[in-house]
Amino acid sequence: MEHRCENCIIRQFNSLRALNKDELKKVSDSKISKIIKKGDALFTEGQKLDGVFCVRNGVSKLSKLSSNGKEQIVKLTNRGEIMGQRSVIAEDFTNLSATAISEMEVCFIPKETISNILNTNPYFSLEVLRHLAHDLKEADDVIVNMSQKTVKQRLAEAFIYLKNNYGEDVNGFLSLTLSRDDYANIVGAATESLIRMISEFKKKGLIKTDGKKIGIVQDCTLQELADGF
């Protein structure tokens, strides 16, 4: 089913809300709707993008490879976010890779369409700047977390973040199921160490597990651990 930007509620969550009706029509006429399967890449690090991706549904991980080939997950993107703005506006190669961790529905908007509106609509330019500034703030927070918090603190924080942002299923497990490798790449630990920490959390009664699924049992205690108490 083809979605028109003019009727799409998703744009209220991103910089596209600053567009007028004519601009929305131009975006809608030029965009391409895509279904991205779980595990597939939207783009890879070092790629030259010829447009941006607006996320209608689903979740992806933004990650970077270190010099030794280890993946570090920098951020999880949500419904409503636009990916690739920095690269397209700066006419630069992508600094991160984006991979779907659930099936995604995205709209690809060509670079030419975005550039034309940036040059003619100052409100849109300001919205884009605000979102880029927000991304920069999030990157600063990641750096502080990685340098000042222990791996256990970061893991506790990751569980709380996933519950608050993606919710739980009817059985009390986190709705977004990540692999143990993904958890390790979020908190910056070896997978073996991560698995031991999950077992430790479970023995202490902080969480419960069922295969890949993880559920939070003691919210307050987990929050205290994340805060360093």
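Here the structure is a predicted model, which is why all the values come from computation and not from measurement. (Residues numbered from 1 in each chain as written. Predicted model: local features only at pLDDT ≥ 70, side-chain atom pairs only at ≥ 80, totals over all residues. Heavy atoms only, no water.)

**Topic: helix α7 (residues 191-203)**
An α-helix turns once per 3.6 residues; consequently, residues spaced three or four apart project the same way. Taking 1.5 Å of rise per residue, the 13 residues of α7 would be expected to cover 18 Å, and the 18 Å separating its terminal C-alpha atoms lies within 8% of that figure. For α7, the complete set of buried residues consists of Thr 191, Leu 194, Met 197, Ile 198 and Phe 201. The buried residues of α7 occupy an angular sector of 115° when projected down its axis, which confines them to one face. Across from the buried face of α7, at angles greater than 90 degrees, the exposed residues are Glu 192, Arg 196 and Lys 203. Next to the buried residues of α7 lie α5 (151-166), α6 (180-187), β9 (207-210), β10 (213-216) and α8 (219-227). Backbone geometry just downstream of α7 places Gly 205 in the positive-phi region, at approximately 80°. (Helix = DSSP H or I, 4+ residues; strand = E, 2+ residues; numbered from the N terminus. Expected span 1.5 Å × (residues − 1). Buried < 20%, exposed > 50% of the residue type's maximum accessible area, 1.4 Å probe, protein only. Arc of directions from axis to C-beta. Contact = heavy atoms within 4.5 Å.)

**Description of unusual backbone geometry**
For residues other than glycine, phi is negative in most cases, and the peptide bonds are mostly trans. Positive phi outside glycine occurs at Glu 91, with the angle close to 50°. Tracing the chain through its elements places Glu 91 in the loop between α2 (85-90) and β7 (97-100). On the accessibility criterion, Glu 91 (54% relative accessible area) is exposed.

**Remarks on the packing of aromatic side chains**
Per the counting criterion, the structure on display carries five aromatic pairs. An aromatic cluster is defined as three or more aromatic residues linked by ring pairs; in this entry it consists of Phe 43, Phe 53 and Phe 108. Above the face of the Phe 108 ring, Lys 34 is positioned so that its terminal group lies 5.0 Å from the ring centre. (Phe/Tyr/Trp six-rings, centres within 6.5 Å; stacked < 30°, edge-to-face > 60°. Lys NZ or Arg CZ within 6 Å of the ring centre and 35° of its normal.)

None of the figures reported here should be taken as evidence of function without further support.
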